[in-house]
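What follows is each chain in one-letter form.
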Amino acid sequence: MFSPSHFTAVLLFGLFASTVFGITQRETPKRMFRYGLYCFCLFVGSAIVLSWVMYLIAR
Amino acid sequence: MASTPSKPAPTAPAQQGFVFLPLIAGWLIPGAGHFLLRKWGRGALLAVSIVCMFAIGLAMQGKLYSNAHDILEILGLLGDLGSGLLYLVGRAMGLGTDSVQLTVADWGTRFIVVAGLLNVIAAVDAHNLRTGRKS
């Protein structure tokens, strides 16, 4: 059984989802790459921010 | 002087045939719609992303939805069906039948559903390429 940490799961999820988003939502390779990178940063960044918010709420 | 009528540009092989073929092929096999349109790089990246996401979901002991008793299961089943043959082969091989008892297995279930939804997006993209809405 593959048992990644929560953060690894977020990285994998963000990588695959942003690859598909980049390819399907933009037309040129350069714009695809930039949009994919943008989506990946949003996935990972929002996960980190929300994790801190939940940590602070729980205290 | 009469001008000679210009010949229409020959249609590319990918633009011939049934207009919904890339959509259906892309749904059944991730990336196949783009392969039919000779978008090899895009198709390969889509196929790798979607198949890996589905396989990792199963490796995390995620569940393949098989019945539709309530609204959440219906939505999960619809998401899973987006994976096309991956879902059908997984069901036929008896994968993803265990009940979810671990947190990781719950994430795996989400991976499988999202892989199906991403495959639908990729298939619609192939259809848009086929109809000329996207280049």
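These numbers come from a predicted model, not from an experiment.

S.K.: When you look at the overall build of chain B in this model, what are you seeing that I'm missing?
M.R.: Broken down by element type, chain B carries six helices and zero strands. Along the chain direction, N to C, the helices and strands of chain B fall in the order α-α-α-α-α-α. Residues counted as buried form 45% of the 135 residues belonging to chain B. Within chain B, residue pairs in contact and separated by at least 24 positions form 70% of the contacts whose partners lie at least 6 positions apart.

S.K.: Explain the packing of helix α1 (residues 6–25) of chain A against helix α6 (residues 103–131) of chain B to me, please; I cannot follow it from the model alone.
M.R.: For any two helices packed against each other, the geometry is given by the interaxial angle and the distance between the axes. Between α1(A) and α6(B), whose axes approach to 10 Å, the crossing angle comes to 10°. Between α1(A) and α6(B), the interaxial angle falls into the category roughly parallel. Every residue of α6(B) that contacts α1(A) at Ala9(A), Phe13(A), Ala17(A), Val20(A) and Thr24(A) is listed here: Trp107(B), Phe111(B), Val114(B), Leu118(B), Ile121(B), Ala122(B) and Asp125(B). Class assignment of the residues belonging to the contact of α1(A) with α6(B) gives a composition of 10 nonpolar, one polar and one charged.

S.K.: What's the story with unusual backbone geometry in this structure? I'm lost.
M.R.: Comment: phi is negative for the bulk of residues other than glycine, and the bulk of peptide bonds are trans. Phi is positive for Arg38(B), close to 65°, though the residue is something other than glycine. Relative to the helices and strands, Arg38(B) resides in the loop between α2 (32–36) and α3 (40–59).

S.K.: Teacher, can you tell me more about the packing of helix α1 (residues 21–28) of chain B against α6(B) here?
M.R.: All names here are of chain B. Taken N-terminus to C-terminus, the directions of α1 and α6 make an angle of 160°; their axes are 8 Å apart at the nearest point. The angle between α1 and α6 places the two elements in the roughly antiparallel class. Between α1 and α6 lies a crossing whose hand is right-handed. Here α1 contributes Pro22, Leu23, Gly26 and Trp27 to the contact with α6, which in turn contributes Asn119, Val120, Ala122, Ala123, Val124, Ala126, His127 and Arg130.

S.K.: Whenever I open this one, the interface of chain A and chain B confuses me. Can you help?
M.R.: Reports of interface size often rely on the accessible area that becomes lost once the parts have come together. In this assembly, 13 residues from chain A lie in contact with 21 residues from chain B. The residue makeup of the side of chain A that touches chain B, split by class, is nine nonpolar, three polar and one charged.

S.K.: What exactly am I supposed to notice about the environment of Leu75(B) here?
M.R.: Its location among the elements puts Leu75(B) in helix α4 (residues 71–81). Measuring from C-alpha to C-alpha, the distance between Leu75(B) and Tyr65(B) comes to 9.3 Å, with 10 residues separating the pair along the chain.

S.K.: Quick question: what am I supposed to make of α1(B) here?
M.R.: Note: α-helices contain 3.6 residues per turn, so residues at a spacing of three or four share the same orientation. Taken together, the buried positions of α1(B) are Pro22(B), Leu23(B), Ala25(B), Gly26(B) and Trp27(B). Of the surrounding secondary structure, the elements contacted by the buried residues of α1(B) are α2 and α6 of chain B.

Each value, and the rule that gives it
- Residues numbered from 1 in each chain as written.
- Chains lettered and ligands numbered in written order.
- Predicted model: local features only at pLDDT ≥ 70, side-chain atom pairs only at ≥ 80, totals over all residues.
- Helix = DSSP H or I, 4+ residues; strand = E, 2+ residues; numbered from the N terminus.
- Buried ≥ 20, exposed ≤ 12 C-beta atoms within 10 Å, placed from the backbone.
- Contact = placed C-beta atoms within 7 Å.
- Axes fitted to C-alpha atoms, helices over the stretch in contact; angles between N-to-C directions.
- Parallel < 35°, antiparallel > 145°, perpendicular 65-115°, else oblique.
- Nonpolar A, V, L, I, M, F, W, Y, C, P; charged D, E, K, R; others polar.
- Left-handed = near helix turned anticlockwise from the far one by under 90°.

Remember that the coordinates give geometry; whether it matters functionally is a separate question.
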